[in-house]
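What the coordinates show
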Amino acid sequence: MLSSGVCTSTVQLPGKVAVVTGANTGIGKETAKELARRGARVYLACRDVQKAELVAREIQMMTGNQQVLVRKLDLADTKSIRAFAKRFLEEEKHLHILINNAGVMMCPYSKTADGFEMHIGVNHLGHFLLTHLLLEKLKESAPSRVVNVSSLAHHLGRIHFHNLQGEKFYQSGLAYCHSKLANILFTQELARRLKASGSGVTVYSVHPGTVSSELVRHSALMRWIWWIFSFLIKTPQQGAQTSLYCALTEGLEVLSGNHFSDCHVAWVSAQARNETVARRLWDVSCDLLGIPVD
């Protein structure tokens, strides 16, 4: 909480295209704003389009960059994810930066439109499918980068393949932790596969820090704790720094697959280093989403 890295990269992004999920608030909004300030064409991929349109206009006014676009994306519905990807691929010839930022935290037990437990469905499977659908465009645009926003909470996470949808037992806080572990395992397995193919696409997971955001909206206890310790909690702008660092910093390609916190490589749990679990999670995710397993 007390440390706060800063992205010092001076890279400019004219002609570059970026997609940021959950960009209508918090860390995602600040990430999108900075990418726009550097000249990128930025897509705000959001469930609440009306709110995102207001944010897009705000970013346009603040940065002078009119290429800030809003597109509907509901990560709790694979039809919406596929529709977003289809439209994007029809509109754009390139994609240089994909920031998988959106997420839910400590939801009461509920399921996505496709029957997935909400945390694993939105935080992991939704972004897994989105990345899969945009991967060829990322490869065509290489060098390009994928940033997956995870959390320090992954240390409490476990991948229970026999209870992936939380139907046998469920605790909202742990469900969030499990999904954040899945983000890191996905990052590592995707990086391994991309490196093996020499694609020119690199991928990183990040812990943004403990940030004042709408992520705790489902938990009165967490909102109270956030308020009590507000002097220790990062602003969304501070929380966006590590995502920006991984998206922009030159020479970071050799660290593809790593986890970052405060703009430095960070330690991950033993569970997050388990290659067998990472590969099995990849295969299970493909099966759940109807993606051919290679």
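Heads up: the structure comes first, above all this text.
Since we're looking at a predicted model, the values are computed, not measured. (Residues numbered from 1 in each chain as written. Predicted model: local features only at pLDDT ≥ 70, side-chain atom pairs only at ≥ 80, totals over all residues. Heavy atoms only, no water.)

Details of the overall build of the chain
Summing up its helical and strand segments, the chain has nine helices and eight strands in all. Against the compact-globule benchmark of 19 Å for 294 residues, the chain has a radius of gyration of 18 Å, which places it among compact chains. The C-alpha extent of the chain, read off along each of the three principal axes, is 50 × 50 × 35 Å. The 294 residues of the chain split such that 57% are buried. The contacts of the chain with a sequence gap of at least 6 include a subset with a gap of at least 24, amounting to 76%. Surface exposure of the chain reaches about 13,200 Å², of which carbon and sulfur atoms provide 55%. (Helix = DSSP H or I, 4+ residues; strand = E, 2+ residues; numbered from the N terminus. Rg over C-alpha atoms; globule rule 2.2 N^0.38 Å. Buried < 20%, exposed > 50% of the residue type's maximum accessible area, 1.4 Å probe, protein only. Contact = heavy atoms within 4.5 Å. Areas by Shrake-Rupley, 256 points an atom, 1.4 Å probe, with all protein chains shown as cover.)

A closer look at the state of the cysteines
Here the structure, examined in full by the defined rule, presents zero disulfides. Here Cys 107 is not cross-linked by a disulfide; its sulfur's nearest cysteine counterpart is in Cys 177, at 13 Å. Residue classification places Cys 107 among the buried positions, given a relative accessible area of 4%. This cysteine, Cys 263, is not joined by any disulfide, and Cys 7 carries the nearest cysteine sulfur, 6.1 Å off. (Disulfide = S-S within 2.5 Å.)

Some points on the layout of surface pockets
Of the pockets and cavities examined, the second largest pocket occupies roughly 400 Å³. Lining the second largest pocket are 24 residues, with Gln 188, Ala 191, Ser 256, Gly 257 and Asn 258 positioned closest to its centre. For the lining of the second largest pocket, the elements supplying multiple residues, two or more each, are helix H5 (172-197), strand E6 (201-207) and helix H9 (275-289). For the lining of the second largest pocket, the per-class residue count stands at nine nonpolar, nine polar and six charged. (1 Å grid on protein atoms, 1.4 Å probe; cavity = no way out; pocket = protein on both sides within 12 Å on 5 of 7 lines; lining within 4 Å. Points joined across faces, edges and corners; volume = space filled by probe spheres on them. Nonpolar A, V, L, I, M, F, W, Y, C, P; charged D, E, K, R; others polar.)

A closer look at the nonpolar core
One finds Val 19, Phe 84, Phe 88 and Leu 134 to be the most contacted residues of the largest nonpolar core, which totals 37 residues. For this core, the elements supplying multiple residues, two or more each, are strand E1 (17-21), strand E2 (41-46), helix H3 (78-91), helix H4 (118-140), H5, E6 and H9. With nine residues, H4 is the largest single contributor of residues to this core. Residues within four places of Phe 88 in sequence aside, it is in contact with Val 17, Val 19, Tyr 43, His 94, Leu 95, Leu 134 and Lys 137. Formed by 35 residues, the second largest nonpolar core is a distinct cluster that contains Cys 7, Val 11, Val 20 and Cys 246. (Core = buried A, V, L, I, M, F, W, Y, C linked by side-chain atoms within 4.5 Å.)

A look at the packing of aromatic side chains
As enumerated under the stated definition, the model contains eight aromatic pairs in all. Seen in terms of ring centroids, Tyr 43 and Phe 88 are 5.0 Å apart; in terms of plane orientation they differ by 80 degrees. Their pairing is edge-to-face. With a gap of 45 residues between them, Tyr 43 in strand E2 and Phe 88 in helix H3 connect regions that are remote in the sequence. Comparing Tyr 43 with Phe 88, the two get one shared label, buried. Each residue in the set Tyr 43, Phe 84 and Phe 88 is aromatic and connected to the rest through ring pairs, giving one cluster. The ring centre of Phe 161 lies 4.0 Å from the NZ or CZ of Arg 280, which sits over that ring. (Phe/Tyr/Trp six-rings, centres within 6.5 Å; stacked < 30°, edge-to-face > 60°. Lys NZ or Arg CZ within 6 Å of the ring centre and 35° of its normal.)

Description of empty space enclosed by the protein
Throughout the structure, instances matching the rule amount to three cavities of 30 Å³ or more. Here the largest cavity is characterised by a volume of approximately 50 Å³. Looking at the largest cavity, the residues that line it are Asn 100, Ala 102, Asn 123, His 124, His 127, Phe 128, Asn 148, Val 149, Lys 180, Asn 183 and Phe 186. Elements represented by at least two residues in the lining of the largest cavity include exactly H4, strand E5 (144-149) and H5. Ranked by residue count, the leading element in the lining of the largest cavity is H4, at four residues. Per-class residue counts for the lining of the largest cavity are four nonpolar, six polar and one charged. Approximately 40 Å³ is the volume found for the second largest cavity. Looking at the second largest cavity, the residues that line it are Leu 75, Ala 76, Asp 77, Thr 78, Ile 81, Thr 112, Asp 114, Phe 116, Gly 121, Leu 125, Gly 126 and Leu 289.

What to know about the side chain of Asn 148
For Asn 148, the location among the structural elements is in strand E5. For Asn 148, the side chain forms a polar contact with the side chain of Thr 187, separated by 2.8 Å. Residue contacts for Asn 148: discarding those within four places in its chain leaves Asn 100, Asn 183, Phe 186, Thr 187, Val 203, Tyr 204, Ser 205 and Val 206. (Polar contact = N/O pair within 3.5 Å; in protein donor to acceptor, adjacent residues only side chain to side chain.)

Topic: the pattern of salt bridges
Scanning the entire structure with this criterion turns up 17 salt bridges. Where Lys 137 meets Glu 140, a salt bridge forms, and the shortest distance between an N and an O atom there is 3.7 Å. Of this pair, Lys 137 and Glu 140 both sit in helix H4, separated by three residues, roughly a single helical turn. Residue class for Lys 137 comes out buried when judged on its relative accessible area of 13%. Residue Glu 140 is classed as exposed on the basis of its relative accessible area, which comes to 55%. Across the pair Arg 279 and Glu 189 runs a salt bridge, and its minimum N-O distance is 3.9 Å. (Salt bridge = Lys/Arg side-chain N within 4 Å of Asp/Glu carboxyl O.)

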